[in-house]
Amino acid sequence: MPAGWSFGEAQYMTTNRPIVEVGNLRKSYGGRAVVDDLSFTVDEGEIFGILGPNGAGKTTTVECVEGLRVPDSGLVRVAGLDPVADHAAVTQVLGAQLQESELQAKLTVREALELYAALYPNPADWRPLAERLGLTDQLTSRFGVLSGGQKQRLFIALALIGNPRVVVLDELTTGLDPRARRDTWEVVEDVRARGVTVLLVTHFMEEAQRLCDRIAVIDKGKITALDTPQGLISRTAGSTVISFTPSAPLDDVDLAGLPALASIEQKDGRITLGGTDETVTAVLSLLARHRITAHQLRVTDATLDDAFLDLTGANS
Amino acid sequence: MSAIAPTVRSTSPRAAVLRAEARLFRREPGTLFWILGFPPLLLVILGSIPSFRKADAGLGGLRIIDLYVPILVLVALIVTGLQTMPPIITGYRERGILRRMSATPVKPSALLTAQMGLNGSAAIVSALVCLAFGRIAFDVQLPKQAAGYALALLLAAAAAFALGALVSALARTAKIATAIGSAVFFPSMFCAGVWLPVQSMPHVLRTIVELTPFGAAARALGQAATGDWPSWSHLGVLAVWAVLLSAAAAKWFRWE
């Protein structure tokens, strides 16, 4: 087995040592603040998500981290380096997959890998990298004929080819079909398993919930929340939803008196309650006390979707 | 990270960019025809006209075909500078290829210098083919004032590529670059003397054309071909154009 991209053996470990630091970052275009006093740190080894609606300033933020844009004010450090002043040094520790960038249409996958490997002082061997990313059968295909998923996998390979400590993945799965999206998620998890820190920009809740250790929710250039996916969900009013059809009518007063109740809805004899675990327990004992059977009882956790809509509520 | 075996780097980054661009350049047969095939083909067609091969007292004993060799050398420069290069560079910017390279340790200017080098080399090969065809097929003498010819050619190339770079800078998309390139292409061909050699133009027209980059270049090359050192006024016009066009291109060029 060649030393190289044998994913999955090393276990990821966050060191709580920040590798990306962003402090009071501001950037405006034509007088409009696109990034407005943003601060966060990304620890080495984590998958850090930046989640937000279109136009929230996500891409501008990571472009400042990549050194492709000069901030109006504030501090950005990648492994202690300034991405603008020390651009060449930063490109060696940070690999990037850019939103909406392409390669020369007639360049083959193999040529692209060889070319980008030659741009770095200590590149990874592209062969195992291509193999792990499932590009082996496409090595002689030209970029122009690749499918969306193949292009994205190639861009992940190019982001990793310089042996970076951090990769920035911007809207990685936009435009991919659900199958290709899931395959790409596995690749991202593998990348992190090798100890590479991932900064992931997305507007897909499911993607953020599945992949990220922590998520910064950005809206109108500001961070509205920064927490683990579970932490964000549990902040949502009514993070647990209980619904059932009771065998006999329930007293409204009893229902309204349930602990930690966030919402209540009755429709066609079916009751839907938003609350917490505490609410669930209380509902069950209420039903038992009144000897009422709950038909089609469902208890579901709120998703990041609900949390997101809550956090960016001013937008809707 | 450390577990990933680093491989020994075999080529320098800029050499790798040049090699990749050279491969891509060879994959465009249409472009290669226009640069390498079109000017010599035009020379052959013009040389096939019997009257073009007769000495003309009005031209100081030269034949029209003698005048056309330097013109077709210029056509190769015009084709590469205005037709081939601008859509490539604008396309690289439009499709984020320059930006993608900005995220690596190599500056995206490596792509531009590679493209200029490749297009410039192709134009020079085409020029040499025209000189060789002229000599072999139509007995056109090789330039008698070789150093002056080379200097005029170098300045003409600088002006042609600076003009192409300006088109790349001003056009937002590859399509627009092609359109602007074509719009500038025909006046440039006219000034170079493709339809009527500059020496044969009426006086007023000739004075104006000699102030354009390709008009001045055609005159300078023509003089060097017949053995004179090219007039400094023509070389000066070329140099001024090259500097002005380069400055304008540098001022307006955007990497994204």
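Please read these numbers as outputs of a predicted model, since none were measured by experiment.

Chemist: Tell me about the nonpolar core, and name the residues and values.
Modeler: With 160 residues, the main nonpolar core has Leu74, Ala159 and Ala217 of chain B as its most contacted residues. If you tally residues by element for this core, the top one is helix α3 (residues 64-94) of chain B, at 18 residues. Residues lining this core come from more than one domain, with at least three contributed by each of domain 1 (18-227) and domain 2 (234-315) of chain A. What Ala217 of chain B contacts, discounting residues up to four positions off in sequence, is Leu74, Ala152, Ala156, Ala159, Ala192 and Leu238 of chain B.

Chemist: I'd like a rundown of the UniProt feature "domain: ABC transmembrane type-2" (unreviewed entry) in chain B, residues and numbers included.
Modeler: Taking the numbering used here, the UniProt-annotated feature "domain: ABC transmembrane type-2" (unreviewed entry) corresponds to residues 30-256 of chain B. Taken end to end, residues 30-256 of chain B is 75% helix and 0% strand, and its two terminal C-alpha atoms sit 27 Å from one another.

Chemist: Before we move on, can you summarise the interface of chain A and chain B with the specific residues and values?
Modeler: With 34 residues of chain A at the contact, the number on the chain B side is 25 residues. Elements supplying a minimum of two residues to the side of chain A that touches chain B: α2 (87-93) and α3 (109-118) of chain A. Sorting elements by how many residues they give to the side of chain A that touches chain B places α3 of chain A first, with 4 residues. Split into classes, the residues belonging to the side of chain A that touches chain B amount to 18 nonpolar, 8 polar and 8 charged.

Chemist: Describe the sheet that holds strand β2 (residues 32-43) of chain A, listing the residues and the values that go with them.
Modeler: All names here are of chain A. Read across the sheet, 3 strands follow the order β2-β1-β4 without closing on themselves; strand pairing throughout is antiparallel. Every other strand in the sheet has two partners, leaving β2 and β4 (73-78) as the edge strands with one partner each. Taken pair by pair, the neighbouring strands of this sheet meet at an average axis angle of 15°, ignoring direction. Of the pairings in the sheet, the one linking strand β1 (residues 18-29) to β2 comprises 9 bridges and is antiparallel in character.

Chemist: So what's going on with unusual backbone geometry? Residues and values would help.
Modeler: Residues and elements named next belong to chain A. Located in the positive-phi region is Ala79, a residue other than glycine, with phi close to 50°. Structurally, Ala79 is set in the loop between β4 and α2. Owing to 20 C-beta atoms within 10 Å, Ala79 belongs among the buried residues under this scheme. A positive phi angle, close to 55°, is found at Glu171, a residue other than glycine. Along the chain, the position of Glu171 falls in the loop between β6 (166-170) and α6 (178-193). Given 20 C-beta atoms within 10 Å, Glu171 falls into the buried group.

Chemist: Outline the sheet that holds β6 of chain A, supporting the account with residue identities and numerical values.
Modeler: Residue and element names in this part refer to chain A. Overall, mixed pairing links the 6 strands, which are arranged β5-β6-β7-β3-β8-β9 in an open sheet. Of all the strands in the sheet, just β5 (94-97) and β9 (222-227) have a single pairing partner and so form its edges. For this sheet, the mean inter-axis angle between neighbouring strands, taken without regard to orientation, is 15°. The pairing of β5 with β6 spans 4 bridges and is parallel. Counterpart to Leu94 in the pairing with β6 is Val166.

Chemist: Could you give an account of the pairing of β1 of chain A, naming the residues involved and the relevant values?
Modeler: Residues and elements named next belong to chain A. Linking two consecutive strands that pair antiparallel, namely β1 and β2, is a turn of 2 residues; a positive phi of about 55° is found at Gly30 within it. Of the pairings in the sheet, the one linking β1 to β4 comprises 5 bridges and is antiparallel in character. Counted as the bridge partner of Val20 is Val78 from β4.

Chemist: Mind laying out the confidence of the model for chain A, listing which residues take part and the relevant values?
Modeler: On average, chain A scores 88 in pLDDT, and the residues at 70 or more come to 94%. For the stretch residues 1-12 of chain A, pLDDT sits under 50, and the model shows 26 contacts to residues farther than four places along the chain or on other chains.

Chemist: An account of the packing of helix α6 (residues 146-170) of chain B against helix α10 (residues 232-252) of chain B is needed here, citing residue identities and associated values.
Modeler: Helix-helix packing: each pair is described by the crossing angle between the helix axes and the interaxial distance. All names here are of chain B. Between α6 and α10, the shortest axis-to-axis distance is 8 Å and the interhelical angle comes to 25°. By the angle between their axes, α6 is roughly parallel relative to α10. For the element pair α6 and α10, the recorded crossing hand is left-handed. For the pair formed by α6 and α10, the contact residues are Leu151, Ala152, Leu155, Ala156, Ala158, Ala159, Ala162, Leu163, Ala165, Leu166, Ala169 and Leu170 on the first element and Leu235, Leu238, Ala239, Trp241, Ala242, Leu245, Ser246, Ala248, Ala249 and Trp252 on the second.

Chemist: Go over the domain arrangement of chain A with me, naming the residues and quoting the values.
Modeler: Residues and elements named next belong to chain A. Domains assigned within chain A are domain 1 (18-227) and domain 2 (234-315). In this complex, domain 1 contributes 9 residues to the contact, which on the side of domain 2 involves 8 residues. For the side of domain 1 that touches domain 2, the secondary-structure elements that each account for two or more residues are α7 (205-211), β8 (214-219) and β9. Per-element accounting of the side of domain 1 that touches domain 2 gives the leading share, 3 residues, to α7. Classifying every residue of the side of domain 1 that touches domain 2 by side-chain character gives 6 nonpolar, 2 polar and 1 charged.

Cut-off values and rules
Residues numbered from 1 in each chain as written. Chains lettered and ligands numbered in written order. Predicted model: local features only at pLDDT ≥ 70, side-chain atom pairs only at ≥ 80, totals over all residues. Core = buried A, V, L, I, M, F, W, Y, C linked by C-beta atoms within 7 Å. Buried ≥ 20, exposed ≤ 12 C-beta atoms within 10 Å, placed from the backbone. Helix = DSSP H or I, 4+ residues; strand = E, 2+ residues; numbered from the N terminus. Domains from an automatic or database assignment. Contact = placed C-beta atoms within 7 Å. UniProt positions renumbered as here; feature names shortened; annotations may be inferred. Nonpolar A, V, L, I, M, F, W, Y, C, P; charged D, E, K, R; others polar. Pairing = 2+ DSSP bridges. Axes fitted to C-alpha atoms, helices over the stretch in contact; angles between N-to-C directions. pLDDT = per-residue confidence, 0-100. Parallel < 35°, antiparallel > 145°, perpendicular 65-115°, else oblique. Left-handed = near helix turned anticlockwise from the far one by under 90°.

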